[in-house]
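Working through the structure, step by step
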Amino acid sequence: PATFYTNKLRVAGLIDAGINAHFEEIFEVGVDEMRWDDISTLQKDWPCVSEVHEYRQQVYQLVSKVIADAFGGDGNKRISIS
C-alpha cells in the first residue's frame, strides 16, 4: 500500500517525486499481477525487510504531511475535492 499512496499523490500533483524510485517500481505491480508477469525472467533486486520498513515509515510521514498541509494544520481545508 505504501507505493500505492506515493504513486497516487504524485499523479494527483500533490508531490513532485516519490521517495524511492526502485521500491516504487518493484512494488507497483502488487499481488494481483497479470499472467504475463508470471513468465518474466527478469530477476528483481528485492530489498531486505528493514529497508522496506524504513520506506513505509517515510511514506507515512509524507502522507501525514500532505494531509496536514491540505488542511493547513488549523482545520481549514486548503484543497477541494470535486
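Right, let's walk through the structure included here. Small disclaimer: the values here were computed from a predicted structure and weren't measured.

**Quick look at the pattern of salt bridges**
A complete count under the given rule lists 2 salt bridges for this structure. The closest approach of N and O atoms between Arg 10 and Glu 24, which form a salt bridge, is 3.7 Å. Highlighted residues: Arg 10 in helix α1 (residues 2–11) and Glu 24 in helix α2 (residues 21–27), separated in sequence by 14 residues. Given the relative accessible area of 33%, Arg 10 is considered partly exposed. The partner of Asp 69 in a salt bridge is Lys 65, with the nearest N and O atoms 2.6 Å apart. With Asp 69 and Lys 65 both in helix α4 (residues 49–70) and 4 residues apart, the pair spans about one turn of that helix.

**A few points about the packing of α1 against α4**
The interhelical angle for the contact between α1 and α4, taken along N-to-C directions, is 40°, at an axis separation of 9 Å. Between α1 and α4, the angle is such that the two are oblique. Relative to α4, the crossing made by α1 is left-handed. Seen from α1, the contacting residues are Ala 2, Thr 3, Tyr 5, Thr 6 and Leu 9; seen from α4, they are Tyr 55, Arg 56, Val 59, Val 63 and Val 66. Its residues placed into classes, the contact of α1 with α4 shows 7 nonpolar, 2 polar and 1 charged.

Criteria and thresholds
- Residues numbered from 1 in each chain as written.
- Predicted model: local features only at pLDDT ≥ 70, side-chain atom pairs only at ≥ 80, totals over all residues.
- Heavy atoms only, no water.
- Salt bridge = Lys/Arg side-chain N within 4 Å of Asp/Glu carboxyl O.
- Helix = DSSP H or I, 4+ residues; strand = E, 2+ residues; numbered from the N terminus.
- Buried < 20%, exposed > 50% of the residue type's maximum accessible area, 1.4 Å probe, protein only.
- Axes fitted to C-alpha atoms, helices over the stretch in contact; angles between N-to-C directions.
- Parallel < 35°, antiparallel > 145°, perpendicular 65-115°, else oblique.
- Left-handed = near helix turned anticlockwise from the far one by under 90°.
- Contact = heavy atoms within 4.5 Å.
- Nonpolar A, V, L, I, M, F, W, Y, C, P; charged D, E, K, R; others polar.

Honestly, that's just the spatial picture; any functional story needs more than this.
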